[in-house]
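Breakdown of the fold
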Amino acid sequence: MNQIVVILPVLLPFVLAVLVQILPFSGKKTRNLFVFGAVTLNSLLVVAAILLGGDRISLLHLVTQADIAFRVDGMAKVFAGLLAGLWPLASLYAFEYMEHAKKQETFFAWYVCAYGAAVGIAFSANLVTMYLFYEALTLITLPLIMHEGNQAAIGAGRKYLMYSVGGAAFGFMAVMILLSVAGTTEFAYGGYLPMMEGLTPDKIMLIRAGYVMAFMGFGVKTAVWPLHDWLPTAGVAPTPVTALLHAVAVVKAGVFALMRVTFFGFGTKILDGSWAQYTVMAFVFFTIVFGSSRALKEQHFKRRLAYSTVANLSYILLGVVMMTPEGLTAGLAHMLFHGVMKIVLFFAAGSVLENAHREYIFHMRGLGRKMPVTFGCFAFGSLALIGVPGMCGFVSKYLLAQAAVKNAHPFALVGLGALMISAVLTAIYTVTVMITAFSPISEHGESAMEEAHEAGWRMLLPMLLLCVAMVVLGLFSSPLIGYLAKVSAGLC
């Protein structure tokens, strides 16, 4: 029974996605109810899998040393919990945002389908399974990025595919190296390469090179510089898609994959203190400052948030590349908290785009009086992202700084410096939006803004609920952080 609970939330969304496309719904309301029911049902199944767990289940045997298999361990529970909590809220938001869009059945079919691929990544028992679902997520989200069908959307889709295919090649080479040296890709805490006897210097060099390949390959979805450019470009997609890309599924699948590869695949023992660790650290440090700097410079609302995501994903990776349990705990915490914070910011941006038809920040002067709830939620999310005490962002940033100070490598302190620079830039690029939105406007500006209005309840309710979550996670995070610490120590 437990095995069925594990496999259902992976496969059911693919079946439900087909039904969304072919069933003769009597209207949009009926279709939306079906989609919301499908997503909510899958979230309940994910929660059931998290609670019940279960033994490893092999779905399909591929070759002697690899099969498609699933297992719900502590890491899987963390990522799957994020998906289960945010996907229904994102779907509710999407119903209102996509109200007047074309090809809605196709859109929601792919939207539901992506849920199954993301859960497949979370529940993967080995690197081969995770790699297959990881690439499936790429192909499933491609039609969502290109949904508008215009030149910009098609260009964004091509760039996304080009970057992802390149990343897939590097990821595949890393999988093959791991399989050839270790004879297995099964996830095990601490990795299995450090336990192998008789590794020659050549093999150790190959393993470390394989890890760097894996980091850059899976790092495409984490938007590590210089593989970041697809992410801001993908902002041309409908906002429910960009929220999916930037906060829930795609980019978080990237950081989750690198956590698995680092701590459950190659293992930190063979990487810690090596040139491979310092190489990926350098990319992470630079990306943090680069992303925040570009966000400050960018005047397009969604692209500013996209560059903010570039920086914050490398916050998470900073915890990973420190290769300590404390770093992994901090990375897991920021993976969860950034998902909550950033999806609110993108929801606010989508509300402005849909209900005020404003794309650039300098066109939003005085808009806060027309859309007080939207910009109030944006302000709330911004304060959390800056790291104001009492908000969830403060907790994860504090943990990252603490892990950097405790790290034995002086190079980790450079990461602490990057965090401090980024914090200042984050405060500037978020607060300037709030100041612009709540600034007084001239009579001419007032008349030009008459068409702007507040979003409906389906867009506002998810934002408000997530604002509450930011405070709850900020004030009462101790039990969650304690659990993440156990996961990072391999105790669950």
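The structure this text deals with has already been given above.
This text gives an overview of the structure that appears in the document. Model, not experiment: these values are computed from the prediction.

1. Quick word on the pattern of salt bridges
If charged atoms from side chains of opposite charge come close, those side chains can pair. Enumeration over the complete set of coordinates arrives at 9 salt bridges. Here R71 and D73 are joined by a salt bridge, their closest N and O atoms 4.0 Å apart. Classification of R71 by relative accessible area gives partly exposed; the value is 22%. A relative accessible area of 14% means that D73 is categorised as buried. R458 serves as the salt-bridge partner of E99, at 3.2 Å between the closest nitrogen and oxygen. With E99 in the loop between α3 (74-97) and α4 (104-123) and R458 in helix α19 (residues 457-475), the pair connects residues that are 359 residues apart, well separated along the chain. In the salt-bridge network here, residues are joined through shared partners; they are R56, D67, R71, D73, E186 and R260.

2. Quick notes on the packing of helix α12 (residues 301-321) against helix α13 (residues 325-355)
Packing of α12 against α13 brings their axes to within 8 Å, and their N-to-C directions diverge by 175 degrees. With respect to α13, the element α12 is oriented roughly antiparallel. Where α12 abuts α13, its residues F301, K302, L305, A306, S308, T309, N312, Y315, I316, G319 and V320 lie against G327, L328, G331, H334, M335, H338, K342, L345, F346, A349, V352 and L353. Split into classes, the residues belonging to the contact of α12 with α13 amount to 13 nonpolar, 8 polar and 2 charged.

3. Some thoughts on the side chain of K252
Note on placement: K252 falls in helix α10 (residues 250-266). Buried charge K252 goes without a salt bridge, the closest partner of opposite sign being E135 at 18 Å. Reaching out from K252, the side chain makes a polar contact with the side chain of H338 at a distance of 2.8 Å.

4. What about α10?
If you check α10, its first and last C-alpha atoms are 23 Å apart, about what 17 residues at 1.5 Å a residue would give, namely 24 Å. At R260, α10 shows its strongest bend, of approximately 25 degrees. In terms of burial, α10 is a largely internal element, 17 of the 17 residues being buried. A positive backbone phi angle near 85 degrees is found at G267, which sits one or two residues after α10.

About the cut-offs
Residues numbered from 1 in each chain as written. Predicted model: local features only at pLDDT ≥ 70, side-chain atom pairs only at ≥ 80, totals over all residues. Heavy atoms only, no water. Salt bridge = Lys/Arg side-chain N within 4 Å of Asp/Glu carboxyl O. Buried < 20%, exposed > 50% of the residue type's maximum accessible area, 1.4 Å probe, protein only. Helix = DSSP H or I, 4+ residues; strand = E, 2+ residues; numbered from the N terminus. Axes fitted to C-alpha atoms, helices over the stretch in contact; angles between N-to-C directions. Parallel < 35°, antiparallel > 145°, perpendicular 65-115°, else oblique. Contact = heavy atoms within 4.5 Å. Nonpolar A, V, L, I, M, F, W, Y, C, P; charged D, E, K, R; others polar. Lys, Arg positive; Asp, Glu negative; His and termini not counted. Polar contact = N/O pair within 3.5 Å; in protein donor to acceptor, adjacent residues only side chain to side chain. Expected span 1.5 Å × (residues − 1). Bend = angle between axes of the 7 residues up to and from the residue.

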